Amino acid sequence: MTTLEITRPDDWHVHLRDGAALADTAPAMARYFGRAIIMPNLVPPVMNASQALDYKARINAAQADSPRQFEPLMVLYLTDNTTAEDIRAAKQAGVVACKLYPAGATTNSDSGVTDIKKLYPVLQAMQEQGILLLVHGEVTDSHIDIFDREQAFIERTLQPLVSDLPNLKVVLEHITTKDAVEFVSNNPGNVAATITAHHLLYNRNHMLAGGIRPHYYCLPILKRNIHQQALIAAATSGNPQFFLGTDSAPHIQGNKETSCGCAGCYTAYAAIELYAEAFEQAGALDKLEAFASHFGPDFYGLPRNSDTITLSKSPWQVPAQLSLGGQPLIPLCAGETLQWQVKPKLA
Ligand SMILES: NC(=O)N[C@@H](CC(=O)O)C(=O)O
Ligand SMILES: [Zn+2]
Ligand SMILES: [Zn+2]
């Protein structure tokens, strides 16, 4: 196969950052994504409807000069102080989801939730209003091994939560384990998961064997090969509970290549191209379209995009360095050759 035409994809989990960074991250998304779920972990976070609307306006301003535009879908960051009233106001403002970050779990999660039980009235309001719950699924206890934190979160927090709120739509974001695949598959259709391209392409050996490679470091951390295989099987299974979310999470070079580097991989520059790489390696290119373009909008209750993009098999070299708000940014796969690219479509 040398060309592949698919329904225009959406990204159900991306970090665009703010300020000068938007001049790079927003146009990258506008290249071919229809919509994108915009993560709210700014400093300070996006915590209410008016902050979400302001952030959306900044994103749209940053893509105004792009040849085409994508639609940002806004998300609130849940804190211990979020109220049911915040949820109703968010619904009015067009916010589609709220994000649960266990406090301290990942980048900019210090304002996250400390006790999920206290948040149940808010989750009830979300269930009533049809607002989705998006979850960074890791426990934060220092005595739990970093490689076990997703599994522990599922057992301790997520399974009870989905049992208590059976009508809440829940997305376990950026899953990294066989346990997460099993949890989602064993739950009804109101529970889903996003899978990143990097968790399909890599396991922890890529990050740690033969030298430590900070650009593979993200959270939840890359796991062993058996988990990677389970993710590939889930993404290519045709089960609509698994869909595309890049978790493209840029950090400038200096904050990655340092003694205590930030978590996050930058993939938005070639998102669908990286997924195509992973699906082709799995012999499942025919499953890419549904994963990238159908199951996400179906789960969110939104229409699928009505136009298409075309990928062509034509090897190209990823630049060694990109820019994030005028500072050096090392993309995932810097300097490597990728097989697929998206043809510019004539208007
Ligand atoms: N995935 C990451 O490693 N980092 C994300 C945060 C997140 O999605 O957990 C970021 O904002 O940098
Ligand atoms: Zn996360
Ligand atoms: Zn993320």
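Conventions adopted
Just so you know, the residues in each chain are numbered from 1, in the order the chain's sequence is written. As a convention, the first chain written is A and the first ligand written is 1, with the rest following in written order. Totals for whole chains, interfaces and linings use all residues, but because this is a predicted model, local features are given only for residues with pLDDT of at least 70 and pairs of side-chain atoms are given and counted only at 80 or more. Only hydrogens and water are set aside when side-chain values are computed; all heavy atoms of the structure are taken into account. Here, a salt bridge means any side-chain nitrogen of Lys or Arg that lies within 4 Å of a carboxyl oxygen of Asp or Glu. Helix numbering and strand numbering both begin at the N terminus, where a helix is a DSSP run of H or I of at least 4 residues and a strand a DSSP run of E of at least 2. Note on classification: 1.4 Å probe, protein chains only; a residue is buried when its accessible area is under 20% of the maximum for its type, exposed when over 50%, partly exposed between these limits. Whether a set of points on the 1 Å grid over the protein atoms alone is a cavity depends on a 1.4 Å probe fitting there but being unable to get out, while an open set qualifies as a pocket with protein on both sides within 12 Å along at least five of seven lines; lining residues are those with an atom within 4 Å of a point. Grid points are joined across faces, edges and corners, and a volume is the space filled by probe spheres set on the points. Charged means Asp, Glu, Lys or Arg here, nonpolar means Ala, Val, Leu, Ile, Met, Phe, Trp, Tyr, Cys or Pro, and polar covers whatever is left, Gly included. Strands are treated as partners if at least two bridges between them are detected by DSSP. Between N-to-C directions, angles span 0 to 180 degrees; the directions come from axes that are lines fitted to C-alpha atoms, helices contributing only their stretch in contact. UniProt positions are given in the numbering used here, feature names are shortened, and annotations may be inferred rather than shown by experiment. Because no water is among the atoms considered, metal sites can look incomplete, with donors defined as N, O and S atoms within 2.8 Å of the metal, or 3.2 Å for Na, K and Ca. Geometry is assigned from donor-metal-donor angles: four donors are tetrahedral when every angle falls between 85 and 135 degrees, four are square planar and six octahedral when opposite donors sit over 155 degrees apart with all other angles between 65 and 115, and any other arrangement is irregular. In protein, a polar contact means a hydrogen-donor-capable atom and an acceptor-capable atom, both N or O and within 3.5 Å, with residues adjacent in sequence counting only if both atoms are side-chain atoms; elsewhere, any N or O pair within 3.5 Å suffices. Two residues qualify as a contact provided that any one of their heavy atoms is within 4.5 Å of a heavy atom in the partner residue.

Overview of the pattern of salt bridges
Consideration 1: The full count for this structure, using the stated rule, is eleven salt bridges.
Consideration 2: For the salt bridge of aspartate 18 with arginine 58, the shortest nitrogen-to-oxygen distance reads 2.8 Å. Note that aspartate 18 is positioned in the loop between strand 2 (11-14) and helix 1 (22-30) and arginine 58 in helix 2 (residues 49-62), a separation of 40 residues in sequence.
Consideration 3: Residue classification places aspartate 18 among the partly exposed positions, given a relative accessible area of 29%.
Consideration 4: Notably, a salt bridge pairs aspartate 286 with lysine 287, separated by 4.0 Å at the nearest N-O pair.

A closer look at empty space enclosed by the protein
Consideration 1: Tallied over the entire structure, the rule returns two cavities of 30 Å³ or more.
Consideration 2: In this structure, the largest cavity spans a volume of roughly 120 Å³.
Consideration 3: Around the largest cavity, the lining is made up of 17 residues, and of these His15, Thr106, Thr107, Leu219 and Asp247 lie nearest the centre.
Consideration 4: Of the residues that constitute the lining of the largest cavity, the class distribution is five nonpolar, nine polar and three charged.

Side note on the sheet that holds strand 7 (residues 170-172)
Consideration 1: The strand order across the open sheet formed by eight strands is 2-3-4-5-6-7-8-9, and the pairing between neighbours is parallel. Since the sheet does not close on itself, it has two edges, and those belong to strand 2 and strand 9 (242-244), each with one partner. This sheet shows a mean twist of 30 degrees between the axes of neighbouring strands, independent of strand direction.
Consideration 2: The sheet contact formed by strand 8 (residues 191-195) and strand 9 spans three bridges and is parallel. Bridge pairing in strand 9 links isoleucine 195 to leucine 244.

Some thoughts on the UniProt feature "binding site: Zn(2+) 1" (unreviewed entry) in the protein
Consideration 1: This chain's UniProt record puts "binding site: Zn(2+) 1" (unreviewed entry) on His13, His15, Lys99 and Asp247. Considering the C-alpha atoms alone, the annotated residues occupy 235 residues of sequence yet fold into one spot, their largest mutual distance being 13.3 Å. Lining the largest cavity, from this annotated set, are His13, His15, Lys99 and Asp247.
Consideration 2: Locating histidine 13 in the fold gives a position in strand 2.
Consideration 3: Under the relative-accessibility criterion, histidine 13 is labelled buried at 0%.

Thoughts on the coordination of the zinc ion (ligand 3)
Consideration 1: Surrounding the zinc ion (ligand 3) are the protein donor atoms His13 (NE2), His15 (NE2) and Asp247 (OD), at 2.0 Å.
Consideration 2: Around the zinc ion (ligand 3), the four donor atoms sit at angles spanning 94 to 138 degrees, and that spread fits a shape best called irregular.
Consideration 3: One chain supplies every donor to the zinc ion (ligand 3), and in sequence these donors are spaced H-x1-H-x231-D.
Consideration 4: Between the two metal centres, the zinc ion (ligand 3) and the zinc ion (ligand 2), the spacing is 3.8 Å. With histidine 15 in the loop between strand 2 and helix 1 and aspartate 247 in the loop between strand 9 and helix 10 (253-256), the pair connects residues that are 232 residues apart, well separated along the chain.

Quick look at the coordination of the zinc ion (ligand 2)
Consideration 1: In the first shell of the zinc ion (ligand 2), the protein supplies His136 (ND1) and His174 (NE2), at 2.0 to 2.1 Å from the metal.
Consideration 2: Here the zinc ion (ligand 2) is ringed by four donor atoms whose angles at the metal span 54 to 148 degrees, and the overall shape comes out irregular.

A closer look at the sheet that holds strand 1 (residues 3-7)
Consideration 1: Ordered in space as 1-10-13, the three strands form an open sheet in which the pairing is antiparallel. Strand pairing shows two members of the sheet lacking a second neighbour, strand 1 and strand 13 (337-342), which therefore form its edges. Direction aside, neighbouring strands of the sheet carry axes that sit 35 degrees apart on average.
Consideration 2: Of the pairings in the sheet, the one linking strand 10 (residues 308-317) to strand 13 comprises five bridges and is antiparallel in character. Bridging across to strand 13, serine 312 finds its partner in glutamine 341.

As for unusual backbone geometry
Consideration 1: Note the cis peptide between valine 43 and proline 44, where omega equals -10 degrees.
Consideration 2: Along the chain, the position of proline 44 falls in the loop between strand 3 (35-38) and helix 2.
Consideration 3: With an omega of -10 degrees, the peptide bond running from leucine 219 to proline 220 counts as cis.
Consideration 4: Mapped onto the secondary structure, proline 220 falls in the loop between helix 8 (204-208) and helix 9 (225-235).
Consideration 5: Look at histidine 174: it is not a glycine, yet its phi comes out positive at around 35 degrees.
Consideration 6: The topology assignment puts histidine 174 in the loop between strand 7 and helix 6 (178-185).
Consideration 7: Judged by relative accessible area, which is 2%, histidine 174 ranks as buried.

Observations regarding the side chain of asparagine 187
Consideration 1: Counting through the fold element by element, asparagine 187 comes out in the loop between helix 6 and strand 8.
Consideration 2: The class for asparagine 187 is buried, based on a relative accessible area of 13%.
Consideration 3: Engagement of the side chain of asparagine 187 in a polar contact is seen with the backbone oxygen of phenylalanine 183, the distance being 3.0 Å.
Consideration 4: With residues up to four places along the chain from it excluded, the contact list for asparagine 187 reads Gln159, Val162 and Gln241.

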